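Survey of secondary and tertiary structure
So the chains spell out like this:
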Amino acid sequence: MNIGHWRADAAWHRIDLLSDVHLHAGAPGTFEAWKRHLLRTPADAVLILGDLFEVWVGDDARDDGFERACTDVLRSVGRKKALGFMAGNRDFLLGTAMRRETGLRELPDPTLAQAFGQCLLLSHGDALCLADAAYQRFRAEVRTTAWQTAFLALPLEERRHRARAMRDASVQHQAGMAPDECADADAALARAWLAEARADHLVHGHTHRPATHPMPGGRTRWVLGDWNFDTLPHRARMLVWTVKGLQDIDLAAP
Ligand SMILES: [Mn+2]
């Protein structure tokens, strides 16, 4: 397993961990809540653990429209605080051009993050969902350079069309670009990852089932939730990391 490494600045006090915001033009309430949080959070760093976007079909998508608005928010926030981005199953095509413009730092999946004398292993979470064999085959294919080069060579509209088709197919077969209701993280693999990384705790998203799962050795698997401010009930669970450890925050709470 290749593990990325990320280390906090010694002067920092707070790091926000979030995932699965699923930004898209049809969810203006979620966009506004996300923008408000990024602009107001006192955190020194914000680490986004995948599926920030409902779909990302290539960095040229940011040239106008909704993706432009999201890019502008990230660029503005990226001037003031550290931003990290880990690819999810919907936005793994976010690339170098976008990272360069916004200041998003690439976080490999998984990444060992060190801060406040603690070590967290961070993942989007889809790679842990071993029970969905069809999805794991799909994931292995679309993460190859060959697949991505061929896909990104298609015209933008064709890519948008294919992404929609993949998402529609995944709703029916649970095996496409968007299996967010996966079988849940494999417990044995999660334990093996933590042991190899020598991390204290595991943090991931993807499953949309926010929880804290105790693991052997006093470790914990923290699961982030997805965001939704466009239909009731509103949802936005994130983790705040400080010298005291992790704290589960519900931004949608009244
Ligand atoms: Mn996901």
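Here the structure is shown first, and the text comes after it.
Residues numbered from 1 in each chain as written. Predicted model: local features only at pLDDT ≥ 70, side-chain atom pairs only at ≥ 80, totals over all residues. Heavy atoms only, no water.

The next point concerns the pattern of salt bridges. For side chains of opposite charge, pairing can occur when their charged atoms come near one another. Inspection of every chain in the model, using the stated rule, returns 19 salt bridges. The closest approach of N and O atoms between D126 and R143, which form a salt bridge, is 3.9 Å. With D126 in the loop between β7 (118-123) and α4 (133-142) and R143 in the loop between α4 and α5 (145-152), the pair connects residues that are 17 residues apart, well separated along the chain. Between D184 and R221 there is a salt bridge, with the nearest N and O atoms lying 3.8 Å from each other. Separated by 37 residues along the polypeptide, D184 in the loop between α6 (156-173) and α7 (187-197) and R221 in strand β10 (residues 219-223) bring together distant segments of the chain. Each of R62, R68, D72, R75 and E101 takes part in a single network of salt bridges with overlapping partners. (Salt bridge = Lys/Arg side-chain N within 4 Å of Asp/Glu carboxyl O. Helix = DSSP H or I, 4+ residues; strand = E, 2+ residues; numbered from the N terminus.)

Among the secondary structure elements, K80 is positioned in the loop between α2 (65-78) and β4 (82-85). Judged by its relative accessible area of 65%, K80 falls in the exposed class. It is 9.5 Å that separates the C-alpha atoms of K80 and L39, two residues lying 41 residues apart in sequence. (Buried < 20%, exposed > 50% of the residue type's maximum accessible area, 1.4 Å probe, protein only.)

Time to look at the nonpolar core. Judged by nonpolar contacts, the single largest core of 39 residues is most densely connected at L23, W34, L52, F53 and L74. Put simply, the parts of the chain that give this core at least two residues each are α1 (28-40), β3 (45-48), α2, β4, α4, α5, α6 and β12 (235-242). Beyond its immediate chain neighbours, meaning those up to four positions away, W34 contacts V21, L23, L52, C70, V73, L74 and W227. (Core = buried A, V, L, I, M, F, W, Y, C linked by side-chain atoms within 4.5 Å. Contact = heavy atoms within 4.5 Å.)

Take the packing of aromatic side chains next. In the structure shown here, the tally under the stated rule is 9 aromatic pairs. Consider the rings of Y135 and F138, whose centres lie 6.3 Å apart with planes at 35 degrees: the pair is tilted. Of this pair, Y135 and F138 both sit in helix α4, 3 residues apart, which is roughly one turn of the helix. The pair formed by Y135 and F138 is uniform in burial state, with each residue classed as buried. Taken together, the ring pairs in this structure connect F31, W34 and F66 into an aromatic cluster. (Phe/Tyr/Trp six-rings, centres within 6.5 Å; stacked < 30°, edge-to-face > 60°.)

The next point concerns α1. Over its 13 residues, α1 runs 18 Å from end to end, which matches the ideal 18 Å to within 8%, given 1.5 Å per residue. All of the buried residues in α1 are T30, F31, A33, W34, H37 and L38. Mapping the buried residues of α1 onto a view down its axis gives an arc of 165 degrees, with all of them on the same face. As for α1, its buried residues are in contact with β2 (15-18), β3, α2, β11 (227-228) and β12. (Expected span 1.5 Å × (residues − 1). Arc of directions from axis to C-beta.)

On to the sheet that holds β7, then. Spatially, the 6 strands line up as an open sheet ordered β1-β6-β7-β8-β10-β9, and their pairing is mixed. At either end of the open sheet lies a strand with only one pairing partner, and these are β1 (4-7) and β9 (211-215). The sheet shows a mean angle of 20 degrees between the axes of neighbouring strands, direction not considered. Direction of pairing for β1 relative to strand β6 (residues 111-115): parallel, over a ladder of 4 bridges. Bridging across to β6, R7 finds its partner in Q114. Where α7 meets the sheet, it contacts β6, β7, β8 (201-204), β9 and β10, and its direction lies at approximately 135 degrees from that of β7. (Pairing = 2+ DSSP bridges. Axes fitted to C-alpha atoms, helices over the stretch in contact; angles between N-to-C directions.)

By secondary structure assignment, the location of Q118 is in strand β7. A relative accessible area of 17% places Q118 in the buried class. There is a polar contact of 3.2 Å between the side chain of Q118 and the backbone oxygen of V243. Aside from chain neighbours lying at most four places away, what touches Q118 is A113, D200, W241, T242, V243, K244 and G245. (Polar contact = N/O pair within 3.5 Å; in protein donor to acceptor, adjacent residues only side chain to side chain.)

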